[in-house]
Amino acid sequence: MNEQLQQFLTGRIWLREHTPFPREVIDAHIDSGHIHLKPGIDTRLSNFYFWQLKKSVCNRCHNTNPNLFHTFHCARCNQKCIYCRHCIRMGRVSSCSELLLWNKEHARGANGHVFEWNGQLTPLQQKASEELLASVQQNKSHLLHAVCGAGKTELLFPSIFASLQEGKRVCVAAPRTDVILELFPRFQKVFPKTTIHALYGGAPDQEGFAELVLATTHQLYRFKNAFDVAFVDEADAFPYYADETLRLAVTKAAKKDAAIHYVTATPTKSLKTINQSILSRRYHGHDLPVPRFDSLWGYTRQLNRGKVPTKLQQWIEDKSKNNIPFLVFLPTIEMLENFPGNLPRVHAEHPDRKETVMQLREKKIPGLLTTTILERGITIENVHVAVVGAEQKIFTSSALIQISGRVGRSFQYPKGDIVFFHHGITHEMDEAKEAIEGWNKK
Amino acid sequence: MICLLCGSPFQSNPTWRKLILYEIEASACKRCLSKFEKADTKFDLADFKGTRYEGAIDSVTSLYSYNEVMQSYLHQYKFLQDVALAQVFAEELRHLFEKKEGIVVPIPMYPEKLLLRTFAQVDELLNSAAVPFQHLLAKTAASEQGKKSKKERLEASPLFEVTGKITAQTFILFDDIYTTGTTMHHAAKVLKNFGATRIEAITLIKG
């Protein structure tokens, strides 16, 4: 048996063409029963009165949406072949492709974990951290409901260390690449003797068997029965809550009896766990900034005419004059692109998003126009925020809470202006405001 | 409809053309399509003056120029093997070929490459546009075009051989991308040697 192959494939479900091992090695392990083969796509026929319905399932990402399958004549298998468009960026999975699963004893990691962290937890953080640790040790799912800027990552450290010491394989998943990139160096510092892999789209190849895996939820499509403990960070973030296959991916990647723990500021109602703890204070102990509502009637029409509404213009000028960095959130990319003036702007397809945000941090630019892409994960000292068109559908209460959570995150500037410019107040806006006020009262 | 490129739902407007005449349903939304850049129509064939390929091609038409969006389209289509994307330009290709007369001949692939890619990207573009075509050419020996300089490409021994019957009439060569034009000129020359009277070249992209 090839040890490297065992380490690589343990807990994974992997496309044969993408393995870094020679064909003969894999063939030998298939013959000896170490590797189990699975077809890429399962297609089932069912009858609906007179029609025959074809239902396909991608065995890697569990996609069943018929819009995301395409049938073509395949030159490799020389017949009609179906492939999944949903997870195509990880290498195409089609009816005639083979998925490899490790079928024998799992690889094990070295057991010499070291925990190097001397930060201080506030009493509230300490309590939540202990509650989480108790749940992890009893293998009961736990929801850590913590406000934006509460210092959530630190709370996970004791639980992760305890699990690693028991020889367990741990996964920390988050929906966005930015978050994984930020977590990786922090975890490397805290667990210097642990093999940690950071997996995201475009990540470099990493060798050995990782006892601790940091991954975007997308990357978990490529795991099966791998983890004894899983933490999902930012469990409310897009696209995690919107894409059922991502939620399935997390359960699939964890072992059958493994508990999955969630960390979030805005839990959705569907998130059900056995235990819960709430952390309603920021680490610096100040109140969360409460959003104020301000009407901006007919802003779409004015913007279409190439004019920035007066109130908004004043707000922007006021911040620039006082040298306060600001973010203006806009509901659509079109509105962002057509916004009059020459303020810098970023959206999801923007190539140098990170650089532009850096410029704002360094105060090289006065402010930034953005879409919801910057709603979470970024910290800019003393930033003030305006949401334009807060009544629009894209601004759900959890998005609005996250956006408000950008303000007042640092010790020096725990306050700041957060304003929702609207064309009519929605329930979502009220909900967001009530939630924030509720936390402040606790 | 769901846009093949960005995945968001969109509505294509009903047109009289669609109602009365035949039109292939759009498979990508307006916003995505607007990012592709139309190619300018002028083609410079001066590079081939004085070589034995002069006059092999009578006209060249390309639909789009090679910009960033096109680059990522080609990447997803050819390298990520997203065959469905062949539909994106179906209506436009159909429209272009409608006006042309002659036998359409796609530029072929090496059989080994076809097995690896699982589909012929040039053929699929024509299939989705419902343009009938004939395979009359085959690649000779395996040699990668991309790694050669232009001079090497031109002087290389014939890239194609004829596999079918060539009659004295117009042939339309079709390829996905026209970069230096060597591939097209090689193919055109072979067809003319075997008796073709006129060669028109069409590509989706002008590189």
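Residues numbered from 1 in each chain as written. Chains lettered and ligands numbered in written order. Predicted model: local features only at pLDDT ≥ 70, side-chain atom pairs only at ≥ 80, totals over all residues.

Some points on the interface of chain A and chain B
Note: interface size is frequently given as the accessible area lost on complex formation between the parts. To keep things clear, this is the line we draw: C-beta atoms are placed from the backbone for every residue, and two residues are taken to be in contact when these atoms lie within 7 Å. Just so you know the grouping, Ala, Val, Leu, Ile, Met, Phe, Trp, Tyr, Cys and Pro go in nonpolar, Asp, Glu, Lys and Arg go in charged, and all remaining residues, Gly too, go in polar.
Listed as interface residues are 10 residues of chain A and, on the opposing side, 10 residues of chain B. In terms of residue class, the side of chain A that touches chain B is built from four nonpolar, two polar and four charged.

Quick notes on the domain arrangement of chain B
Residue and element names in this part refer to chain B. What counts here: Residue ranges labeled as domains rest on an automatic or database domain assignment.
Assigned domains of chain B: these are domain 1 (1-34) and domain 2 (36-206). For domain 1 and domain 2, the distance between their C-alpha centroids amounts to 26 Å. Taken residue by residue, the interface counts eight residues in domain 1 and eight residues in domain 2. Partitioned by chemical class, the residues of the side of domain 1 that touches domain 2 number six nonpolar, one polar and one charged.

Regarding the packing of helix H11 (residues 397-404) of chain A against helix H12 (residues 427-441) of chain A
Residue and element names in this part refer to chain A. Rules: Between the N-to-C directions of two axes lies an angle of 0 to 180 degrees, each axis being a line fitted to C-alpha atoms and, for a helix, fitted only over the stretch in contact. Secondary structure elements are defined from DSSP: runs of H or I of at least 4 residues count as helices, runs of E of at least 2 residues count as strands, and each element is numbered from the N terminus. In these notes the angle categories are as follows: under 35 degrees is roughly parallel, over 145 is roughly antiparallel, 65 to 115 is roughly perpendicular, and the rest is oblique. Handedness of each helix crossing follows the sense of rotation of the near helix against the far helix: counterclockwise by less than a right angle gives left-handed, clockwise gives right-handed.
Orientation of H11 relative to H12, taken along the N-to-C sense of each, is 50°, at an axis distance of 8 Å. Relative to H12, the element H11 is oriented oblique. Crossing hand, H11 versus H12: right-handed. Of H12, the residues touching H11 (which contributes Ser397, Leu400, Ile401 and Ser404) are Glu428, Met429, Glu431, Ala432, Ala435 and Ile436. In the contact of H11 with H12, the residues fall into six nonpolar, two polar and two charged.

Points about the sheet that holds strand E10 (residues 196-199) of chain A
Strands pair in a sheet through their backbones, by hydrogen bonds, and they do so in one of two ways: parallel or antiparallel. Residues and elements named next belong to chain A. Defined as follows: Here the rule is simple: two strands pair whenever DSSP picks up at least two bridges between them.
Strand order in the open sheet formed by seven strands is E10-E11-E9-E12-E13-E8-E14, and the pairing between neighbours is parallel. In this open sheet, the two strands that pair with only one neighbour each are E10 and strand E14 (275-279). Pairwise comparison of adjacent strand axes, ignoring direction, gives a mean angle of 15° for this sheet. Relative to strand E11 (residues 212-216), E10 runs parallel, the two being bridged by four bridges. Following the sheet pairing, Ala198 is matched in E11 by Leu214. Sheet strands in contact with helix H5 (residues 177-190) are strand E9 (170-174), E10, E11 and strand E12 (227-233), and its direction is about 160° off that of E11.

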